[in-house]
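The lines below spell out each chain.
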Amino acid sequence: MAIALATTLKGYFDTGDRPTAANFVDLVDTIRKPIIALDATTYAPTAAESGATLVFDGTACTVTLPTCAVGLVYHFFVAATGAVSSIITTASADKLYGLLFLSRAVGTINVSSISNATTAIDPLAGDNTLTMNGGTTGGVIGSWLEVICVAENAWAVNGHVMGSGTLATMAS
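Quantities reported herein were computed from a predicted structural model and do not represent experimental measurements.

Visitor: Just to check I follow, could you spell out the pairing of strand β3 (residues 53–56) for this structure?
Guide: Regular strands have side chains that alternate between both faces of the sheet. Note: strand β1 (residues 35–38) against β3, four bridges, orientation parallel. Counted as the bridge partner of Ile35 is Thr53 from β3. Note: β3 against strand β5 (residues 73–78), four bridges, orientation parallel. Looking at the pairing, Leu54 lines up with Phe76 of β5.

Visitor: Just to check I follow, could you spell out the state of the cysteines for this structure?
Guide: What we call a disulfide is simply a covalent bond connecting the sulfur atoms of a pair of cysteines. Evaluated as defined, the whole model comprises one disulfide. At a sulfur-sulfur separation of 1.9 Å, the disulfide partner of Cys68 is Cys149. Measuring handedness by torsion sign, the sulfur bridge of Cys68 and Cys149 sits at about 115° and is right-handed. Of this pair, Cys68 sits in the loop between β4 (61–64) and β5 while Cys149 sits in strand β10 (residues 144–151); the two residues are 81 residues apart in sequence, bridging distant segments of the chain. Among the residues examined, Cys68 registers a relative accessible area of 11% and is labelled buried.

Visitor: How should the pairing of strand β11 (residues 154–163) be read in this particular structure?
Guide: Burial analysis of β11 places seven of its 10 residues in the buried class, which makes it a mostly covered element. Of the pairings in the sheet, the one linking strand β7 (residues 95–104) to β11 comprises 10 bridges and is parallel in character. Within β11, the residue paired with Leu102 across the bridge is Val161. In terms of strand pairing, β10 meets β11 through seven bridges, oriented antiparallel. When the bridges of β11 are listed, Val147 appears paired with Val157. Between β10 and the antiparallel strand that follows it, β11, lie two residues; Asn153 among them carries a positive phi value of about 65°.

Visitor: Mind showing me how you'd approach the sheet that holds β4 here?
Guide: Note: strands within a sheet are paired through backbone hydrogen bonds, in either parallel or antiparallel orientation. Here we have four strands laid out as an open sheet, ordered β2-β4-β6-β9, and mixed in their pairing. The open sheet has two free edges, formed respectively by β2 (42–43) and β9 (129–132), since each of these has just one partner strand.

Visitor: Would you take a moment to explain helix α2 (residues 21–31) for this structure?
Guide: Two residues of an α-helix separated by three or four positions point the same way, owing to the 3.6 residues in each turn. Within α2 the residues assigned to the buried category are Asn23, Asp26, Asp29 and Thr30. Taken around the axis of α2, the buried residues stretch over an arc of 125°, which confines them to a single face. Seen from the open side of α2, the exposed residues pointing more than 90 degrees away from its buried face are Ala21 and Ile31.

Visitor: Sorry if this is basic, but what is going on with the nonpolar core here?
Guide: Soluble globular proteins: nonpolar side chains tend toward being buried together. Of all hydrophobic cores here, the largest spans 28 residues; its most connected members are Phe56, Tyr74, Phe76, Leu130, Leu145 and Trp155. Those elements that provide at least two residues to this core are β1, β3, β4, β5, β7, β9, β10 and β11.

Visitor: Would you mind showing me how to read the packing of aromatic side chains here?
Guide: Each aromatic ring pair is specified by the distance between its two centres and by the angle formed by the two planes. Counted under the stated rule, the structure contains three aromatic pairs. Pairing Phe56 with Phe76 gives two aromatic rings, centres 6.0 Å apart and planes at 20°, and the pair type is stacked. One end of the pair, Phe56, is in strand β3; the other, Phe76, is in strand β5, and 20 residues separate them in sequence. Phe76 gets classed as buried once you look at its relative accessible area, which sits at 2%. Ring centres of Tyr74 and Trp155 lie 6.1 Å apart, and the angle between their planes is 50°; on these two criteria the pair is classed as tilted. With Tyr74 in strand β5 and Trp155 in strand β11, this pair connects stretches of sequence that are 81 residues apart. Per residue, the accessibility class of Tyr74 equals that of Trp155, and both read buried.

The rules behind each value
- Residues numbered from 1 in each chain as written.
- Predicted model: local features only at pLDDT ≥ 70, side-chain atom pairs only at ≥ 80, totals over all residues.
- Heavy atoms only, no water.
- Pairing = 2+ DSSP bridges.
- Helix = DSSP H or I, 4+ residues; strand = E, 2+ residues; numbered from the N terminus.
- Disulfide = S-S within 2.5 Å.
- Buried < 20%, exposed > 50% of the residue type's maximum accessible area, 1.4 Å probe, protein only.
- Arc of directions from axis to C-beta.
- Core = buried A, V, L, I, M, F, W, Y, C linked by side-chain atoms within 4.5 Å.
- Phe/Tyr/Trp six-rings, centres within 6.5 Å; stacked < 30°, edge-to-face > 60°.

Here is the structure:
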């Protein structure tokens, strides 16, 4: 019936409880993580959607992550290249840390086609937004990112983002 938080699911199966068919449906729905099409201008995933894959489909969309709670994880995938902004940003005082590999989308990936193609999200800069524009800051079809809340106010980011032209940082 619905995706449920772990604490809710655990409550269904306490000693002496008799879970209902609906409780088992909630368990199955929660285990099977959804794929969410980002076809609106904004989207705010919930904690219950942790583990979901959010798909940029070529529509301009700003995704605002929920307040960081340790263990939350979201996967992002670019299914269509668009000359629009696909943005991932944090809520409140949360920051992004980690390393993204940003490379030019070319027919053959080799040493010369990926030179100067790495973008680091600098933890000292206090970055909280990633912007893919379908070109120089990435967002070409096949790009992917993962964000995991690893500590209070700290999202760890990794992924491989493909762009075109003279590559530029996607972090701000």
